[in-house]
Number of protein chains: 2
Amino acid sequence: MKKDARRIAWIGTGVMGMPMAGHLLDAGHEVAVHSRTKAKAQGLIDRGARWARSAAEAAEGADVAISMVGFPEEVQAVHLGPGGTLAAKRPPKLIVDMSTSRPSLAVEIYDAARQKGVGSLDAPVSGGDVGARQATLSIMVGGDKDDHEAALPVLSALGKLIVHHGGPGAGQHAKMVNQILIASNMIGVCEGLLYAREAGLDPEKVIQSVGSGAAGSWSIHNLGPRIIRGDFKPGFFVEHFVKDLRIALEEAERMRLKLPGLSLAKELYERLIEQGHGKSGSQALILALDGMKKLDSTK
Amino acid sequence: MKKDARRIAWIGTGVMGMPMAGHLLDAGHEVAVHSRTKAKAQGLIDRGARWARSAAEAAEGADVAISMVGFPEEVQAVHLGPGGTLAAKRPPKLIVDMSTSRPSLAVEIYDAARQKGVGSLDAPVSGGDVGARQATLSIMVGGDKDDHEAALPVLSALGKLIVHHGGPGAGQHAKMVNQILIASNMIGVCEGLLYAREAGLDPEKVIQSVGSGAAGSWSIHNLGPRIIRGDFKPGFFVEHFVKDLRIALEEAERMRLKLPGLSLAKELYERLIEQGHGKSGSQALILALDGMKKLDSTK
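Peer 1: I'd like to hear about the pattern of salt bridges, residue by residue, with values.
Peer 2: Throughout the structure, instances matching the rule amount to 38 salt bridges over all chains. Between A:Arg47 and A:Asp26 there is a salt bridge; the shortest N-O distance is 3.0 Å. Of the two residues, A:Arg47 is situated in the loop between helix H2 (38-46) and strand S3 (50-51) and A:Asp26 in helix H1 (residues 17-26); the sequence distance between them amounts to 21 residues. Looking at A:Arg47, the relative accessible area reads 46%, which means it is partly exposed. The salt bridge involving B:Arg90 is made with B:Glu60; its shortest N-O contact spans 4.0 Å. Here B:Arg90 is found in the loop between helix H4 (72-80) and strand S5 (94-97), whereas its partner B:Glu60 is found in the loop between helix H3 (55-59) and strand S4 (64-67), with 30 residues between them in sequence. Exposure remark for B:Glu60: the relative accessible area of 26% places this residue in the partly exposed category. One salt-bridge network, in which partners are shared between bridges, spans A:Glu73, A:Arg102 and A:Glu250.

Written out as structure tokens, the structure is:
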């Protein structure tokens, strides 16, 4: 074990969690891994991670217990449930939830952790599966500043931009801003490309013309070409995005903010799930909009 | 007069037209200028442009007659009206409308020009006043390919990216895609920054965290900081943007496309004009959204 190595509990081995935990092994940390499906953790076990039958077992005496799971319900179970990290006999010094989840849940976990003398950070990420694999994630941190600083040596193996946004929940709030920006922009990208198609334009030429100016965005450059090819494979799952949009809208309502663009995006993405595209990538939004072509077009 | 210089009629000396016509003078072209207000053309006259009392007079025997005006009604008058370019005794060889205007009007002008043996291009731009001053505009061209090629030596003094998108109106359609992309993205940018404010986040830190990833866009980087400072000075006028959004929506309806994001943007921007912000910059959208904060917040 390296001199500055930490004992890390890692929970969640999906498309994000798997490569992230791998970076921690590469950095020389001692990793205990738990996930719902052991088979999904096998790659990490083969590389030296220790299998734990529960989050509590993984967290037993750990320096840091990190979760990267799909939904708030799982986050809650992983940290606050009977087999959760805070149920360990010797709880971890610090827990870090890197899932995108409810800001209010981040506060709840923080409070529960404090009662046991455990630090707690919410630290959701942006950058997707590519960012996870290349360790170039942007990490948005909420919680106590000293816990943030204590976590930096570990988090810096996972991302290149790590910003402390404030107290517990602030990381999740920053991530919600990220999702709000993406949501309305995806509507614009899809509507623009639909318009281009109907107007008989070559959409690739249009992206060339408009992409370098005020209409330019990550989405038009990275997802625009996929939409044109009809490639709806997930970089980011529609069903995860809908979860995020629902959280953002609930939080906005709690703050008495009316965000009509966000409401529209949630509505369109929910329609997309009804159409069976929950496991497609977020760029599949164009399919929900395309279905809105006026039905009287044959008149 | 330089060997490859053209005789150019220039109509419109606003925030865009003024520097653009200046580049043509700099490139050694012979420029006759007309605008509604002679005083606004004085800078060009001082630099060697010849004043013309009408668009027709400016266009008399010109190689190219270029318009850069505010609204489709002006475009129509400048080219098809009694004192318009096509009313010249010796009409210009080619007319180029660089205003953002109706695709259907571009076709109408094209047809009227053809009847007089005159070529016609629609060539709206993106890049704003900065792009106009720096000659870095993106120019979206519709019309005949050979007219496009004939215009290139002139247009290349005004922009760095000049793309032919198809027949008459195709340039305007490409510009509409540009505006559709910007419209929904501006909603996302403003809603994201409102959410950040209400959640108690430092919005500059949030832009830092989210700007380099999938939420990144020209607008969040360039207009986000202005919104945070409360700087609503126009780069691009709200009233011009609303004109564009109306055209885009009319065209979409004609194509039987339903674009709910574009409809929402038009509605919000119209509310902004009602609030007296027609002469503000497009980033002022946040003021229309901020007014939507639920009124029962004092309960």
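That covers the picture; the talk isn't over yet.
Peer 1: How would you summarise empty space enclosed by the protein if you had to cite specific residues and measurements?
Peer 2: Residues and elements named next belong to chain B. Within the structure shown, the criterion is met by three cavities of 30 Å³ or more. Looking at the largest cavity, its volume works out to about 70 Å³. Lining the largest cavity are 14 residues; nearest its centre among them are Asp 97, Ala 106, Ile 109, Ser 120 and Leu 121. Among the elements of the structure, H4, S5, helix H5 (103-115) and strand S6 (119-122) are those that each provide at least two residues to the lining of the largest cavity.

Peer 1: Account for the packing of helix H8 (residues 170-198) of chain A against helix H8 (residues 170-198) of chain B, naming residues and giving values.
Peer 2: The geometry of H8(A) relative to H8(B) is characterised by a closest axis approach of 8 Å and an angle of 165° between their N-to-C directions. Between H8(A) and H8(B), the angle falls in the class roughly antiparallel. Both H8(A) and H8(B) take part in a crossing whose hand is right-handed. Tallied by class, residues from the contact of H8(A) with H8(B) come to 16 nonpolar, 10 polar and two charged.

Peer 1: Could you give me a rundown of the pairing of strand S8 (residues 137-143) of chain A, with the residues and numbers involved?
Peer 2: All names here are of chain A. For S8, a buried count of seven out of seven residues is recorded, marking the element as mostly surrounded by other parts of the structure. A two-sided burial pattern is seen for S8, the buried positions comprising Leu 137, Ile 139, Val 141 and Gly 143 on one face and Ser 138, Met 140 and Gly 142 on the other. Bridge count between strand S6 (residues 119-122) and S8: two bridges; the pairing is antiparallel. If you follow Leu 121 over to S8, its bridge partner there is Gly 143. Here strand S7 (residues 125-126) pairs with S8 via two bridges, running antiparallel. The partner of Val 125 across the bridge, within S8, is Ile 139.

Peer 1: How would you summarise the interface of chain B and chain A if you had to cite specific residues and measurements?
Peer 2: Each partner contributes to the interface: chain B provides 64 residues, whereas chain A provides 64 residues. By the criterion of area lost to chain A, the three top residues of chain B are B:Leu181, B:Tyr195 and B:Arg256, representing 15% of everything that side buries. If you look at where chain B meets chain A, you find zero salt bridges. Run the count over chain B and chain A and you get 14 residue pairs in polar contact (both at pLDDT 80 or more). Of all the secondary-structure elements, those providing two or more residues to the side of chain B that touches chain A are strand S8 (137-143), strand S9 (159-166), H8, helix H9 (203-211), helix H10 (218-222), helix H12 (238-254) and helix H13 (260-274) of chain B. Here the side of chain B that touches chain A takes 20 residues from H8(B), the largest share from any one element. A per-class count over the side of chain B that touches chain A returns 35 nonpolar, 19 polar and 10 charged.

Peer 1: Requested: an account of the confidence of the model for chain A, with residues and values cited.
Peer 2: Considering every residue of chain A, the mean pLDDT works out to 95; 97% of them sit at 70 or more. Among the prediction metrics, the complex's ipTM stands at 0.95, with pTM recorded as 0.95.

What counts and what doesn't
- Starting from 1, residues in each chain are numbered consecutively following that chain's sequence as written.
- In the order they appear in the text, chains get letters beginning with A and ligands get numbers beginning with 1.
- Given that this is a predicted model, residues contribute local features only at a pLDDT of at least 70 and side-chain atom pairs are listed and counted only at 80 or more, while totals for whole chains, interfaces and linings are drawn from all residues.
- The basis for every side-chain value is the complete set of heavy atoms in the structure, and neither hydrogens nor water enter the calculation.
- The salt bridge criterion pairs a side-chain nitrogen of Lys or Arg with a carboxyl oxygen of Asp or Glu, the two atoms within 4 Å.
- Secondary structure counts use DSSP, requiring at least four H or I residues in a row for a helix and at least two E residues in a row for a strand, with both numbered from the N terminus.
- Throughout this description, buried means an accessible area under 20% of the type-specific maximum (1.4 Å probe, protein chains only), exposed means over 50%, and partly exposed covers the range between.
- For cavity detection a 1 Å grid was placed over the protein atoms alone, and a set of points counts as a cavity when a 1.4 Å probe fits there but cannot get out; an open set counts as a pocket when protein lies on both sides within 12 Å along at least five of seven lines, with lining residues being those that have an atom within 4 Å of a point.
- Grid points are joined across faces, edges and corners, and a volume is the space filled by probe spheres set on the points.
- To obtain each axis, a line is fitted to C-alpha atoms, and for helices this fit is confined to the stretch in contact; angles are then taken between N-to-C directions over 0 to 180 degrees.
- Angle categories: roughly parallel below 35 degrees, roughly antiparallel above 145, roughly perpendicular from 65 to 115, and oblique for all the rest.
- When the near helix sits turned anticlockwise from the far one by under a right angle, the crossing is termed left-handed; a clockwise turn instead gives a right-handed crossing.
- When residue character is reported, Ala, Val, Leu, Ile, Met, Phe, Trp, Tyr, Cys and Pro are called nonpolar, Asp, Glu, Lys and Arg charged, and the others, Gly included, polar.
- The pairing criterion for strands is at least two bridges between them, as found by DSSP.
- When checking whether two residues touch, look at their non-hydrogen atoms; a contact exists if any pair is within 4.5 Å.
- The buried area of a pairing is the accessible area, by a 1.4 Å probe, that goes missing from both parts when the two are put together, added over both.
- Each polar contact in these results corresponds to two N or O atoms within 3.5 Å; when the atoms are within protein, one needs to be able to donate a hydrogen and the other to accept it, and residues that are neighboring in sequence are counted only if both atoms are side-chain atoms.
- Per-residue confidence from the predictor is given as pLDDT, running between 0 and 100.

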